[in-house]
Amino acid sequence: MPVLPPGSPAPSFSLGRADGERFTRESLMGHGSILVFYPFAFSPVCTDQLQLYEPLLEELSGRSIWMYGVSCDATWSQTAFREKLGVSSEQLSDFEPKGAASEAFGVLHPGGFSQRAIVMTDADGVVRWSYEADSPGELPGADLLARGVEAAFPR
């Protein structure tokens, strides 16, 4: 199944947060959301990707748009990854049940990890823009993210 296209409602899902709470479809409501699916914490391309997006977060938050990283790593790994990178975007764990949310969004790689993808939802939880890389090694740059934001959340 390919990444959810624009116009699709976000599926029902549950992701782990560092504080032990769950992040669900309801967590997307009331603001714009950007879910950045990535294969593995501490892998080279993932490290570069999240650091490239960090300078955009202040502008996004000013527009009530929140960015979240999503991988099939455990929350402890993601917390260490976030701290090591010095990034502020919350990291969400698709570890238990492994890959269930990635599968629901159409981005579970056959190898059992999140494919590199970006899904943007509006305040009603409807997908407004989505992108899936051709391979896990492809780096979607900040310019691609900015174009997606303008398409999903026009001023």
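Look up a bit, the structure's there.
Residues numbered from 1 in each chain as written. Predicted model: local features only at pLDDT ≥ 70, side-chain atom pairs only at ≥ 80, totals over all residues. Heavy atoms only, no water.

Engineer: Explain the nonpolar core to me, using residue names and the numbers behind them.
Structural biologist: It is characteristic of soluble globular proteins that their nonpolar side chains tend to be buried jointly. The biggest cluster of nonpolar side chains holds 24 residues, and the ones touching the most others in it are I34, M67 and M120. Every element with two or more residues in this core is listed here: strand 3 (32-37), helix 1 (44-53), helix 2 (57-62), strand 4 (65-71), helix 3 (75-85), strand 6 (117-121), strand 7 (127-132) and helix 5 (142-152). Looking at this core element by element, the count peaks at four residues for helix 5. When sequence neighbours within four positions are dropped, the list of residues in contact with M67 reads I34, V36, Y53, L57, L60, S89, E90 and L145. One finds L15, Y68, V70 and V119 within the second-largest nonpolar core, a separate group that totals 18 residues. (Core = buried A, V, L, I, M, F, W, Y, C linked by side-chain atoms within 4.5 Å. Buried < 20%, exposed > 50% of the residue type's maximum accessible area, 1.4 Å probe, protein only. Helix = DSSP H or I, 4+ residues; strand = E, 2+ residues; numbered from the N terminus. Contact = heavy atoms within 4.5 Å.)

Engineer: So what's going on with the packing of aromatic side chains? Which residues, and what values?
Structural biologist: Tallied over the full model, the rule gives eight aromatic pairs. Here F13 and F105 contribute two aromatic rings whose centre-to-centre distance is 5.2 Å and whose plane-to-plane angle is 65°, an arrangement assigned as edge-to-face. Of this pair, F13 sits in the segment before strand 1 (14-16) while F105 is found in the loop between helix 4 (100-104) and strand 6, placing the two residues 92 residues apart along the sequence. One exposure class covers both F13 and F105, and it is buried. Look at W129 and Y131: their rings are 6.4 Å apart centre to centre, the planes differ by 10°, and that puts the pair in the stacked class. On the basis of relative accessibility, which here comes to 15%, the residue W129 falls in the buried class. Aromatic ring contacts, followed pair by pair, group F13, F23, F37, Y68 and F105 into a single cluster. (Phe/Tyr/Trp six-rings, centres within 6.5 Å; stacked < 30°, edge-to-face > 60°.)

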